[in-house]
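# Fold and geometry: a report
So you can see what is in the structure, the chains are spelled out below.
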Amino acid sequence: MCLAVPGRVVEWGEAAGGLASAVVEFGGVRRSVCMACVPDADLGDYVIVHAGVAIARLDAAEAERVLADLRAALNDPAEAGP
Amino acid sequence: MTLDCPLPHPASDRVLLAHGEGGRLMRRLIRDVLLAALDNAHLRPLGDAALLPPFDGPVVTTTDCYVVSPLFFPGGDIGSLAVHGTVNDLAVSGAEPLYLTLGLIVEEGLPLETLRALVRSLGAAAEACGVPVVAGDTKVVPRGAADGLFVCTTGLGQLRPGVDLGCHRIRPGDRVLVSGTLGDHGLAVLSAREGLGLGDELRSDSAPLTGLVASLFDAGLDVRFLRDPTRGGVAAVLHEVAEATGLSIAIDEAALPLSEAGRGACEILGLDPLFVANEGKVVVFVSPAGADAALACLRRHPLGRDAARIGTVGEGPAGVLVRGPLGVPRVLDEPAGAPLPRIC
Amino acid sequence: MKHVDEYRDPHLARALLDRIHRSVTRPWTVMEVCGGQTHTLLRAGIDQLLPAGLRLVHGPGCPVCVTPLELIDRALAIAARPGVTFCSFGDMLRVPGSATDLLHVRAAGGDVRTVYSPLDAVALAREYPDREVVFFAVGFETTAPATALAVRQAAALGLGNFSLLAAHVLVPPAMAAILASPGNRVQAFLAAGHVCAVTGYEDYVALAERHRVPIVVTGFEPVDLLEGIALAVAQLEAGRHAVENQYARAVRRDGNRAAQDVVAEVYEVCDRPWRGLGILPRSGLRLRPTYAAFDAEKRFAVEAILTAESAECRAGEVLLGLLRPDECAAFGTACTPEHPLGAPMVSSEGACAAYWRYRRGGR
């Protein structure tokens, strides 16, 4: 379940019925996304979007760090088998 | 004796049932809207049939129906789509498209301005392709019996000399090419129709393939089979070929060309681009020896810039396999119904 | 696409696979809870690349599959009413109720619309004040914030023609049910990453302790799943049973408080029958009395629904991980995507549909 995709917040939108909204870019398409659940997200941030609603702000720094660690660990000669 | 009310109909900005009844209103419609946009020597007499000069060789004919909704979408409309789709069926059959006939089924209440715009677009597309509409018919149906406008066409073409295309020519080892990015038309129409709010970056690829296909023949390449991947996408074509030949086809998922917008749309809607319709692309089955040259030939053409080799034909049994990012093949299902966006 | 493509890197994936192969010394059974994870595993062929003794079992994480039959039948009855514009995620359109499905209701004249977001249904209600717009709110904790926001927005806009049919289900009770079922062989879980992005993973600590199973919160791309499996296997081999977070870029321990708050404002927890599994206590969400005006169940009186599930369908066992889809006698014979006996064969990520699509015929 829960197809949710990371996208970049590119522009603030008009709030409707009290809900904050922004234009989020996914690859080459843009869509209006409700930002009510990610009050600390800003322009340029990546958010995880499900059913037109941002459900989490992606921690880009954490993501880079974890990926770098993973790559390093997997390249580590100690990882390689006999 | 006929009972014809002599009073003129009030001027209307919408299509009425009377426009299809063969009287003054209909003649005016044909003259002002249809002939104005489609005029050519064959059509002008407005006879019951068109007189065409003899053909030089085997005649190729196709018939198509267009019911797309919405009538206008980013990158095209039902008018230009009807021309491109029909011309493409002829082109991928190895024919030079020569003539079109046109049947229009109009829903009562369609704004005349809408009909005018669509027929103008159809006429412009026909002219750009060099394929005149030589005969036509128009009917008006009651409100609710059609979705604005339905378009039916017949295309007539002449088989290019020396061309022998068909599944019977496909052999194990043949390469599978596609002329450009997948799914653009289907995604644009889906987004427009369902109001998915994905903006204008998604545009239909509706276009005539005559020139692109001709360039393959002009280069003398051993093309086995061509097909334009419309409804059901490339997946439908692959299954059709696998079934007809009894051979397997292996596709490399990483090689499938996607536009940036198409990629993004497929990701957020959860759609597989292999199942989404195209209206300006061709799938090419070509001999191994001719594959590189065919790819280069496609890429030289404006409509083939993103052409790619996507797979290879194998031995039997019949089936379509897609190799994923880790190199593991999975069975590609047959398309079953229109692709639907999902949240799961 | 950034933050997606990196996790489809075949080199990273291969390296993780090697690590898994090197660390496995005994047979293990691991369940991935979420249907989206099942989808990726089968599509990328990961299940075929894992060591022979490492068995992946697919969980009930397909909300479409577990939405109670009675709710689906109620939805179909409402959708068939004149004056109703029934909005649903695409996933639900082909799911069979007792007698029909939404696509057939549409063919018979019902105004059934696919929407990408529940907020689009609210927009429709605004645009067409003379239509009764009803939204079918299926999904797990991931989707509840979106539907809750839709109700909040409709309330703020004073829309009298919008209502929703609440059908949300919650994951931790299902995991507890699996662990408690006799015959359970699951030794570790890959928890649903997007559910946890909303809820956090505090709830799983007690589960891991009580049943002594490692639980790894995992994402959805091939590299995420392989890393999750590698972490689970490492714990199993070492005899540990902790909760770990592989999907740290999206999931924090306490989840998304803003999302949890909006859900808690609009919904309350209730008992809910899961299709194929029976009633799981405190496993569903229903609208709070303050939002009763937006409850489609109250707005549309539907006569007594007599549900009739296929006797042959073994969806319940599949959802609990006790039966593999291709081990079911009806798989591919009486039950195919064209004529499904139950929801897991028709949902885009039901286990049966996934097996049909990716495993039938080809090896």
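Residues numbered from 1 in each chain as written. Chains lettered and ligands numbered in written order. Predicted model: local features only at pLDDT ≥ 70, side-chain atom pairs only at ≥ 80, totals over all residues.

## Here we look at the sheet that holds strand β12 (residues 319-323) of chain B
Picture the strands of a sheet paired through backbone hydrogen bonds; they go either parallel or antiparallel. Residues and elements named next belong to chain B. The sheet built from 7 strands is open, its strands ordered β8-β10-β7-β11-β9-β12-β13 with mixed pairing. Both outer strands of the open sheet, β8 (223-227) and β13 (329-331), are each paired with one neighbouring strand and no more. Adjacent strand axes in the sheet meet at a mean angle of 25° when their direction is disregarded. Across 5 bridges, the pairing between strand β9 (residues 248-252) and β12 is parallel. When the sheet's bridge partners are listed, isoleucine 251 is paired in β12 with valine 322. Relative to strand β7 (residues 175-178), helix α8 (residues 291-300) is tilted by about 5°, and along the sheet it contacts β7, β8, β10 (283-286) and β11 (308-313). (Pairing = 2+ DSSP bridges. Helix = DSSP H or I, 4+ residues; strand = E, 2+ residues; numbered from the N terminus. Axes fitted to C-alpha atoms, helices over the stretch in contact; angles between N-to-C directions. Contact = placed C-beta atoms within 7 Å.)

## Looking at the nonpolar core
One finds A:Val47, A:Ala54, C:Leu165 and C:Ala191 to be the most contacted residues of the largest nonpolar core, which totals 268 residues. The element that contributes the greatest number of residues to this core is helix α12 (residues 222-238) of chain C, accounting for 9 residues. Leave out the neighbours within four places in its chain, and A:Val47 touches A:Gly7, A:Val9, A:Val24, A:Val38, A:Ala41, A:Ala54, A:Ala56, A:Arg57 and A:Leu58. (Core = buried A, V, L, I, M, F, W, Y, C linked by C-beta atoms within 7 Å. Buried ≥ 20, exposed ≤ 12 C-beta atoms within 10 Å, placed from the backbone.)

## Concerning the interface of chain A and chain C
Each partner contributes to the interface: chain A provides 34 residues, whereas chain C provides 43 residues. Mapped by element, the contributors of at least two residues to the side of chain A that touches chain C are β4 (46-50), β5 (53-57) and α1 (60-75) of chain A. Residue contributions to the side of chain A that touches chain C peak at 7 residues, all from α1(A). Tallied by class, residues from the side of chain A that touches chain C come to 24 nonpolar, 6 polar and 4 charged. (Nonpolar A, V, L, I, M, F, W, Y, C, P; charged D, E, K, R; others polar.)

## Examining the pairing of β12(B)
All names here are of chain B. With 4 of its 5 residues buried, β12 lies for the most part within the structure. Relative to β13, β12 runs antiparallel, the two being bridged by 3 bridges. Across the sheet, the residue bridging to leucine 321 is valine 331, located in β13. Linkage of β12 to β13, two consecutive antiparallel strands, is achieved through a turn of 5 residues, within which glycine 327 is found at a positive phi near 85°.

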